[in-house]
Amino acid sequence: MKQPKGPGEKRQILTRRSLVLGGAMGGVMTILGWRMRQLGVKQSDQFRLLAEENRINIRLIPPTRGLIFDRRGMALAYNEPVYKIDMVREQAKDPEAVLRRLADLIPLSNEDIDKALATMRKRRAFVPVTVAQDLDWSHIAAVSANAPALPGISPELGHYRIYPYAEDFAHILGRVGPVSDYDLKKINDKDPLLLIPRFQIGKTGVENKLDRRLRGEAGEKRIEVNAIGRVMRVLSREEPKAGANLQVTIDNRLQKFALKRIEGQSAAVVVMDVKNGDLVALASAPGYDPNMFVRGISVDNWNALNTDKYKPLLNKTVTGLYPPGSTYKMVSALAALEGGFIKPEEKIYCGGYVEVYGNRFHCWRRGGHGKIDLKNSLKQSCDVYYYELAQRIGVENMSAMARKLGIGVEHDLALPGVREGVAPTKEWKRTRKKKDWVVGDTLNAAIGQGYVLASPMQLAVMTARIASGTKISPRLLNAVDDRPQPVIGREPLDIKPESLDQVRRGMFAVVNEPGGTARRSRLKIKGMKMAGKTGTSQVRFITKEERARGVIRNKDLPWERRDHALFVAFAPYDNPRFAISVVVEHGGGGSKAAAPIAKDVMSFALELEEMNYKKPETIRTGIQATNRTQKADKA
Amino acid sequence: MSYLDYNLKTAPTGLSKILYFNWGLALLLAAVSCAGFLMLYSVAGGDMERWARPQVIRFAMGMGAMVVIGFVPLYVWREMSVIAYGFTLLLLIAVPIVGSTSMGAQRWIDLGFMRLQPSELMKVTLVMMLARYYDWLDVRKISRPLWVIIPVVLTLVPTFLVLKQPDLGTALLLVAGAGVVMFVAGVSWLYFGAAITVIVLLVTAVIQTQGTEYQLLKDYQYKRIEIFLDPSSDPLGSGYNITQAQIALGSGGVSGRGFMQGTQSRLNFLPEKHTDFIFTTLAEEFGFVGGMILLTLYGLILLFCISSALSNRDRFGALLTMGVAATFFFYFSVNMSMVMGLAPVVGVPLPLVSYGGSAMLVLLAAFGLVQSAHIHRPR
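Thresholds applied
- Throughout, residues of each chain are indexed from 1 in the direction in which the sequence is written.
- Labels are handed out in written order, letters beginning with A for the chains and numbers beginning with 1 for the ligands.
- pLDDT decides what is reported in this predicted model: residues at 70 or higher carry local features, side-chain atom pairs at 80 or more are listed and counted, and totals for whole chains, interfaces and linings draw on all residues regardless.
- Computation of side-chain values: all heavy atoms of the structure, hydrogens and water removed.
- The numbering of helices and of strands both runs from the N terminus, where a helix is a DSSP run of H or I of at least 4 residues and a strand a run of E of at least 2.
- Our radius of gyration looks at C-alpha atoms and nothing else; its globule reference is 2.2 Å times the residue count to the power 0.38.
- Here, residues are in contact when the closest pair of their heavy atoms is within 4.5 Å.
- Only the protein chains shown count as cover for residues, with accessible areas throughout obtained via the Shrake-Rupley method and a probe of 1.4 Å.
- Counting rule applied: Lys, Arg positive; Asp, Glu negative; His and chain ends not counted.
- To locate a charge, take atom NZ for lysine, CZ for arginine, CG for aspartate or CD for glutamate.
- By buried area we mean how much accessible surface two parts lose on assembly, using a 1.4 Å probe and totalling the loss over both.
- Basic side-chain nitrogens of Lys or Arg form a salt bridge, by our definition, when they fall within 4 Å of a carboxyl oxygen of Asp or Glu.
- When residue character is reported, Ala, Val, Leu, Ile, Met, Phe, Trp, Tyr, Cys and Pro are called nonpolar, Asp, Glu, Lys and Arg charged, and the others, Gly included, polar.
- Those domain boundaries reflect an automatic or database domain assignment.
- Whenever a nitrogen or oxygen atom comes within 3.5 Å of another N or O atom, the pair is scored as a polar contact, on the condition that within protein one atom can donate a hydrogen and the other can accept it, and that pairs from neighbouring residues in sequence are kept only if both atoms are in side chains.
- Classification of residues uses two cut-offs on accessible area relative to the type maximum, computed with a 1.4 Å probe and protein chains only: under 20% is buried, over 50% is exposed, and between them is partly exposed.
- Pairing of aromatic side chains here covers Phe, Tyr and the six-membered ring of Trp, requires ring centres within 6.5 Å, and sorts the geometry by plane angle: under 30 degrees stacked, over 60 edge-to-face, intermediate tilted.
- In our convention, an over-ring charge means Lys NZ or Arg CZ found within 6 Å of a ring centre and within 35 degrees of that ring's normal.
- For two strands to be treated as a pair, DSSP must find at least two bridges joining them.
- Helix axes use the C-alpha atoms of the stretch in contact, all axes being lines fitted to C-alpha atoms, and the angles between their N-to-C directions lie in the range 0 to 180 degrees.
- A pocket, in this scheme, is an open set of points on a 1 Å grid over the protein atoms alone with protein on both sides within 12 Å along at least 5 of 7 lines, while a cavity is a set where a 1.4 Å probe fits but cannot get out; residues line either one if an atom lies within 4 Å of a point.
- Grid points are joined across faces, edges and corners, and a volume is the space filled by probe spheres set on the points.
- For a crossing to be left-handed, the near helix must be turned anticlockwise from the far one by less than a right angle; the clockwise case is right-handed.
- Patch definition: residues above 30% relative accessible area lacking any salt bridge, with like charges linked at up to 9 Å and the nonpolar side chains Val, Leu, Ile, Met, Phe, Trp and Tyr linked at up to 5 Å.
- To form a nonpolar core, buried Ala, Val, Leu, Ile, Met, Phe, Trp, Tyr and Cys residues must be joined to one another through side-chain atoms within 4.5 Å.

### Side note on the overall build of chain A
Counting secondary structure elements, chain A contains 23 helices and 21 strands. Here the C-alpha radius of gyration of chain A, 36 Å, is well above what a compact globule of 635 residues would show, namely 26 Å. Across its three principal axes, chain A shows a C-alpha extent of roughly 145 × 65 × 50 Å. Considering only intrachain contacts with a sequence separation of at least 6, the fraction spanning at least 24 residues in chain A is 72%. Only carbon and sulfur atoms are counted for the fraction: they give 50% of the accessible area of chain A, which is about 30200 Å². Positive and negative side-chain charges in chain A, numbering 103 and 71 respectively, have mean positions lying 3 Å apart.

Okay, here's the thing in structure tokens:
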């Protein structure tokens, strides 16, 4: 250890050590300067970016959802402003006193107040908390008038989707509801709007299928926020783009009439314009009130809708598939005529049944029809005639004809869940049922039983194509934001007009000639004739024993085992305008249960058509309009 | 040496002391303080009343104190050293008993007209005490263990009291300031070597024992060390301060975003923006250039002090000057290292710039002692 010897050396040490210390300080300051340069110069861009990210917050402005109108411009779905009241705690000073004062002006229970206070305590003082919602204008007016006594209270505007026709359009329009995690996974949509909590998206129907166009595009507000998220100022604002307004081809009067006509049954009615494919009515009963869902449906109501055996949530017109029964005989007849397997005047003997490979195939009339030609086979709906045709033409020709007429093919409609139906082929049975096709299958297919399945909408399309001789396709969307949507399928079908004519004549006989299965349902309008075809499709297998004892009548069977009643028709016969299909689930015979409905709806459709050229006062409305509809019409 | 050795003939007297006053140092201090006023005005969002005006008033009081203290002959301070140290120590002991709590730490004694922070005062009186001690101590005894233990105890007693408050930053400054006085006075290198070795071993032991049964620190203390080493591991919790501070520093770039234009501080992303983290606002608004100017000003203050100490043949005066300079140096270097992510966050303000009454007054008073040593140096 070196010892300082005297004052001189002591002085030296102090100087030396001070210089060492000064050097060390200089070194540390160099490091500080270097670090400053590293942060401020070298990595500056990166930090500048981070600072901007800190500062700028993007808030979405939700667009207003597009409206939906019927073909005459009546609003079917619109947005009703709904008022709610928000409260900011820090502006209120004494939130409880303010809420008590508020309770004198609007309905606000003590529990509501306690709940609001609890929520506010949990949030930061400047965050608005909704204290009341579902208010009407008078409440808002009262609150606004008393604004000085209610610091921190602000009325806010929101929107509810309103369906003024309620049940009438439940299946067509569907409904909106808050977006769920399940929706997000399913639709795989990157739209930032979907991330807004409880953002309303279309859940079913047109609302669902055309959700993207109805939704519109989000606006954007870039706001500067501070560290705790308080908004300091708005930097820029981009307005949202409202959703497209849609017009559907449905006529709300006919839709309402059709639904009223099938009320209480599980049934579907489709009315289609033969000339342009417009679906003028698309009625599925029973319905439900979509407005229930918008404000949140109760568990009881939801369970009731789900367990109802009439399936009110199902859109039977496009999603329900039924064996078309005898309404399919037009397909078989056209296939036979086109393939040259039969001449219209050729007569086939019906003895009540035929035997093929040891199996008996029965006609609906036990005694048989005797010798019968094409027109009468349709008019009396002879089954044996078609068993004979089936064996001549084969299933492939039949199914090709069915697809030509719109059964077993997909129709592009503005609705979700539009089903393809089945026009079976040998290949189809092999891949789907893992079984080989047998002749009996062909026989069953010829009378629209067995594997054949069609939706009511497809039956209407089939009828419209037979009536018009064109490839007309169904259309539900008339216009998007006033841009008309194209008509598809004006070109003629590749079926010989004579063949179509033979079948049309048969259909005319069904309704208008004595002995026709739907003679009682002929039109009572002067100069207008309807042509149609009844159908009764079995949903059960009739055993030999039952046949021997006598087939049990429908009304003696439980509802689920009764036959489906079907009827298809077009009118007027000489200049077809509308095609109609009616399916009454388990309704019994087509001539009794379905044809009268078709007659009434068709009459009303033709009346409305005529009325479009007359003054409104002269209209005889088929049905008393309810108060709700009148109100909606005014709105 | 005692005051009797003073060459009274050459020492300036009366108002002529003004001529010998270290005007350069005073101007530099004023310049740094002005930068402080500017920043306090800016972080308050253009509000003079909030922080800037009280700071100006304290600065004026501090400058007055500096002049008064500077004019008092140095021997007075030399004689008062022991008393001042003892008095401050008593105040430190009194803090837990009569002190008031602020932000979870007990540091203040309310004197009615001002709130006194004895730990701040201790930074100066400890330096005075040690300078006095080495001025008195026989040179040959300096490095003898017994005579080394005495200043170590004189340092560790107040350090322990400050740590109890708890105030880690001030405790570190006390140890560092005392260490510098001992170093400059000529205590053998071996002691410093040994002290540094012990500290290194201790740190290693602390880190090595983490996660074992014998770990030396509490879990949350380890967490703090981890966050210092990697602030991004906890960007919204404790690491938030460091991350946001660095964002502010970096986003300033070369020339800064302009006066009152710093988004990080204006929008409250910065923590403690008017006290410990004020340098980040300065760097954000005036950039690299602004930061370097402040650093240069600090460097010049050190340079003035060291050159004054070197030219001072009075041992007490030189040691006192070096001690004050070193304390000042540790102040700003620890603060800057901390906000720039080079050191863990310990509460040390930026001298003369950060908002704070005690620190400002005590620092200017300490520079008053430096002035006194400068004016009354033997010629």
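From this point, the narrative continues.
### Looking at the interface of chain B and chain A
Contact residues are listed per partner, giving 56 residues for chain B and 40 residues for chain A. Summing both sides of the interface, chain B and chain A together bury roughly 4200 Å²; the carbon and sulfur share of this comes to 71%. Connecting chain B to chain A are 0 salt bridges. Partitioning the side of chain B that touches chain A into residue classes produces 33 nonpolar, 18 polar and 5 charged.

### A few points about the domain arrangement of chain A
All names here are of chain A. You can read the domains of chain A as domain 1 (59-248) and domain 2 (252-627). Tallying the contact residues gives 35 residues for domain 1 and 33 residues for domain 2. Taken together, both faces of the contact between domain 1 and domain 2 bury some 3000 Å²; the carbon and sulfur share is 55%. Of all residues in domain 1, Asp168, His171 and Arg175 give up the largest surface area on contact with domain 2, accounting jointly for 22% of the area buried on that side. The shortest N-O distance in the salt bridge between Lys256 and Asp168 comes to 2.6 Å. Our enumeration of links across domain 1 and domain 2 arrives at 14 residue pairs in polar contact (both at pLDDT 80 or more). Put simply, the parts of the chain that give the side of domain 1 that touches domain 2 at least two residues each are strand S3 (75-88), strand S5 (153-162), helix H7 (170-173), helix H9 (205-209) and strand S10 (246-248). Sorting elements by how many residues they give to the side of domain 1 that touches domain 2 places H9 first, with 4 residues. Tallied by class, the residues present in the side of domain 1 that touches domain 2 amount to 16 nonpolar, 8 polar and 11 charged.

### Re the environment of Met80(B)
Residues and elements named next belong to chain B. Tracing the backbone shows Met80 in helix H4 (residues 74-98). The exposure class of Met80 is partly exposed, given its relative accessible area of 36%. Note: C-alpha distance between Met80 and Met129 (49 residues apart in sequence) is 9.0 Å.

### A short note on the packing of aromatic side chains
This model, assessed by the stated rule, comprises 29 aromatic pairs over all chains. Residues Trp51(B) and Tyr355(B) carry aromatic rings whose centres are separated by 6.4 Å and whose planes lie at 55 degrees to one another, so their mutual orientation is tilted. On the criterion of sequence distance, the pair formed by Trp51(B) in helix H3 (residues 48-71) and Tyr355(B) in the loop between helix H13 (315-339) and helix H14 (357-375) is long-range, its members being 304 residues apart. Owing to a relative accessible area of 9%, Trp51(B) belongs among the buried residues under this scheme. Looking at Tyr355(B), the relative accessible area reads 23%, which means it is partly exposed. Judged by centre distance (5.0 Å) and plane angle (80 degrees), the rings of Tyr133(B) and Tyr134(B) are edge-to-face. Side by side, Tyr133(B) and Tyr134(B) carry an identical accessibility label, which is buried. Grouped by ring-pair contacts, the aromatic residues Tyr298(B), Phe328(B), Phe329(B), Phe330(B), Phe332(B) and Phe367(B) constitute a single cluster. The residue whose ring lies beneath Arg175(A) is Phe293(A), and the NZ or CZ to ring-centre distance is 3.8 Å.

### Comments concerning the pairing of strand S20 (residues 564-571) of chain A
Residues and elements named next belong to chain A. With 8 of its 8 residues buried, S20 lies for the most part within the structure. Across the two faces of S20 the burial is the same, with His564, Leu566, Val568 and Phe570 and Ala565, Phe567, Ala569 and Ala571 all buried. Examined bridge by bridge, strand S19 (residues 531-537) and S20 share 7 bridges and lie antiparallel to one another. The partner of Ala531 across the bridge, within S20, is Phe570. As defined by bridge partners, S20 adjoins strand S21 (residues 578-584) across 7 bridges and the pair is classed as antiparallel. Bridged to Phe570 within S21 is Ala579. Joining the antiparallel neighbours S20 and S21 is a turn of 6 residues.

### Some thoughts on the sheet that holds strand S11 (residues 267-273) of chain A
All names here are of chain A. Pairing within the open sheet is antiparallel, and its 5 strands lie in the order S12-S11-S21-S20-S19. One side of each edge strand has no neighbouring strand; the edge strands of this open sheet are strand S12 (279-285) and S19. The mean angle between the axes of side-by-side strands here comes to 5 degrees, regardless of whether they run parallel or antiparallel. Against the sheet, helix H11 (residues 252-261) contacts S11 and S12, and its axis sits at roughly 30 degrees relative to S12. Helix H19 (residues 456-468) rests against S11, S12, S20 and S21 of the sheet, and its axis sits at about 150 degrees to S21.

### Considerations on the side chain of Thr125(B)
Residues and elements named next belong to chain B. Within the element layout of this structure, Thr125 appears in helix H5 (residues 118-136). The class of Thr125 is buried, set by a relative accessible area of 6%. A distance of 3.2 Å separates the side chain of Thr125 from the side chain of Thr88, its partner in a polar contact. Beyond its immediate chain neighbours, meaning those up to four positions away, Thr125 contacts Ala84, Tyr85 and Thr88.

### Comments concerning the pattern of salt bridges
According to the stated counting rule, one finds 36 salt bridges over all chains in the structure shown. Asp135(B) is the salt-bridge partner of Arg78(B), the closest N and O atoms lying 2.9 Å from each other. Taken as a pair, Arg78(B) in helix H4 and Asp135(B) in helix H5 lie far apart in primary sequence, 57 residues in all. Considered together, Arg78(B) and Asp135(B) belong to a single accessibility category, that of buried residues. Residues joined in a network through salt bridges with shared partners are Arg65(A), Arg161(A), Glu207(A), Asp211(A) and Arg215(A).

### Points about empty space enclosed by the protein
Residue and element names in this part refer to chain B. All told, the structure shown has 3 cavities of 30 Å³ or more when counted by the stated rule. Space inside the largest cavity adds up to approximately 80 Å³. If you go around the largest cavity, the residues you meet are Glu120, Lys123, Val124, Val127, Val324, Thr327, Phe328, Tyr331, Ala359, Val362, Leu363 and Ala366. When contributions to the lining of the largest cavity are tallied by element, the ones reaching two or more residues are H5, H13 and H14.

### Considering unusual backbone geometry
Residue and element names in this part refer to chain A. With omega at -5 degrees, the peptide bond leading from Ala285 into Pro286 counts as cis. Positionally, Pro286 belongs in the loop between S12 and helix H12 (291-294). Of note, the bond from Ala571 into Pro572 is cis; its omega dihedral lies within 30 degrees of zero at -10 degrees. With respect to the secondary-structure elements, Pro572 resides in the loop between S20 and S21. At Ser381, a position not held by glycine, the phi torsion is positive, near 55 degrees. For Asp482, which is not a glycine, the phi torsion comes out positive at approximately 70 degrees.

### Some details on the packing of helix H7 (residues 168-185) of chain B against H13(B)
Residue and element names in this part refer to chain B. In contact at an axis separation of 9 Å, H7 and H13 are set at 145 degrees when each is read in the N-to-C sense. Considering only the axes of H7 and H13, their crossing is right-handed. Of H13, the residues touching H7 (which contributes Leu173, Ala176, Gly177, Val180, Val181, Val184 and Ala185) are Arg315, Leu319, Met322, Gly323, Ala326, Thr327, Phe330 and Tyr331. For the contact of H7 with H13, the per-class residue count stands at 11 nonpolar, 3 polar and 1 charged.

### Let's talk about a positive patch on the surface
Residues and elements named next belong to chain A. Taken together, Arg520, Arg553, Lys555 and Lys592 make up a surface patch of like positive charges. Along the chain, Lys555 falls in the loop between helix H21 (544-549) and S20. Judged by relative accessible area, which is 63%, Lys555 ranks as exposed.

### Side note on the side chain of Gln449(A)
Residues and elements named next belong to chain A. Looking at where Gln449 falls in the secondary structure, it is placed in the loop between helix H18 (439-446) and H19. Polar contacts involving the side chain of Gln449 include one to the main-chain amide nitrogen of Gln538, which spans 2.9 Å. Not counting residues up to four positions away in its chain, the partners in contact with Gln449 are Pro323, Gly325, Asn444, Thr536, Ser537 and Gln538.

### Section: the nonpolar core
Within the largest apolar cluster, 111 residues are counted, with the highest numbers of intra-cluster contacts made by Tyr134(B), Phe279(B), Phe332(B), Met336(B) and Phe367(B). Here this core takes 15 residues from H13(B), the largest share from any one element. Dropping the residues within four chain positions of it, Met336(B) is found in contact with Leu32(A), Met36(A), Phe279(B), Leu294(B), Leu295(B), Tyr298(B) and Leu350(B). Counting 95 residues, the second largest nonpolar core, distinct from the first, contains Phe169(A), Ile372(A), Tyr385(A) and Ile393(A).

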